[in-house]
Amino acid sequence: MNIVYIGLGANLVDPQAQLIKATNALSTHPAIKSLVVSSFYSSKPMGPQDQPDYVNAVARFETALEPEALLDQLQDIELRQGRVRKDERWGPRTLDLDILLFNNETISTPRLTVPHYGLCDREFVVFPLLELAPQLVLPNGSTLKQIADKLPKNGLTTLPSKEIKEIL
Ligand code: ROI
């Protein structure tokens, strides 16, 4: 089994509900086992500022799927939740599912870069990941804790789980 961490993000059409729906899609997927999801976080947009705040989380699971087959499955979930790929770089989205880590592997193909290129400088990835895996060591040998200690939170806040449960 492969151990995978993915990032979840949304800032359109009820972002918290999008993340809950995506979490349900992952937890019922036949190729995905032992799913654990971090708290949900509210984050300021990285990139253009004229877009709503994001809701972000990180999930860990086990799968026998190879990296690109997993990517296909994640993109399928994005599309089913109304994701429209626009030309605009770093624009708003209903759901983004990014493979952050795949075992301890470094992957570079036209479709996939793992670890995710933005992992270390995105507070909305590093802190939810730290919540799930406080002892994590990246493929390049740095510890997640070292990265988190140097990274500003930029307004990142944990959403109360009461608020999350209300939409379930
Ligand atoms: N900004 C935040 N805060 N969260 C995201 O998930 C996110 N995703 C993106 C860009 C547009 C880079 N900005 C983001 O793809």
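Since we're looking at a predicted model, the values are computed, not measured. (Residues numbered from 1 in each chain as written. Predicted model: local features only at pLDDT ≥ 70, side-chain atom pairs only at ≥ 80, totals over all residues. Heavy atoms only, no water.)

*Asks:* Please clarify how the overall build of the protein should be interpreted in this entry.
*Replies:* Across its full length, the protein holds five helices and eight strands. Listing the helices and strands of the protein from first to last along the sequence gives β-α-β-β-β-α-β-β-β-α-α-β-α. Its C-alpha atoms give the protein a radius of gyration of 15 Å, near enough to 15 Å, the size a compact globule of 168 residues would have. Buried residues in the protein amount to 47% of all 168 residues. Considering only residue pairs separated by 6 or more positions, the protein has 68% of its internal contacts joining residues 24 or more positions apart. By element, 54% of the accessible surface of the protein is carried by carbon and sulfur atoms, the whole surface being about 8600 Å². Charge separation in the protein, taken as the distance between the mean sites of 17 positive and 20 negative side-chain charges, equals 2 Å. (Helix = DSSP H or I, 4+ residues; strand = E, 2+ residues; numbered from the N terminus. Rg over C-alpha atoms; globule rule 2.2 N^0.38 Å. Buried < 20%, exposed > 50% of the residue type's maximum accessible area, 1.4 Å probe, protein only. Contact = heavy atoms within 4.5 Å. Areas by Shrake-Rupley, 256 points an atom, 1.4 Å probe, with all protein chains shown as cover. Lys, Arg positive; Asp, Glu negative; His and termini not counted. Charge placed at Lys NZ, Arg CZ, Asp CG, Glu CD.)

*Asks:* Would you mind going over the side chain of S43 with me for this structure?
*Replies:* With respect to the secondary-structure elements, S43 resides in strand 3 (residues 41-43). Given the relative accessible area of 2%, S43 is considered buried. A polar contact is formed between the side chain of S43 and the side chain of N56, at a distance of 2.7 Å. Apart from residues no more than four positions distant in its own chain, S43 is found in contact with D53, Y54, N56, F124 and L156. (Polar contact = N/O pair within 3.5 Å; in protein donor to acceptor, adjacent residues only side chain to side chain.)

*Asks:* Can you help me understand the nonpolar core in this one?
*Replies:* A general tendency of soluble globular proteins is for nonpolar side chains to be buried together. I6, L8, L19, L97 and I99 are the most contacted members of the largest nonpolar core, which totals 27 residues. Elements supplying a minimum of two residues to this core: strand 1 (2-10), helix 1 (15-27), strand 4 (54-63), helix 2 (67-80) and strand 5 (96-102). Element by element, the count of residues in this core is highest for helix 1, at five residues. Discounting chain neighbours no more than four positions away, the residues touching L19 are L8, G9, A10, F40, V55, N56, A57 and L95. Formed by 20 residues, the second largest nonpolar core is a distinct cluster that contains V58, L100, A133 and L136. (Core = buried A, V, L, I, M, F, W, Y, C linked by side-chain atoms within 4.5 Å.)

Remember, this is a structural readout, not a statement about activity or role.
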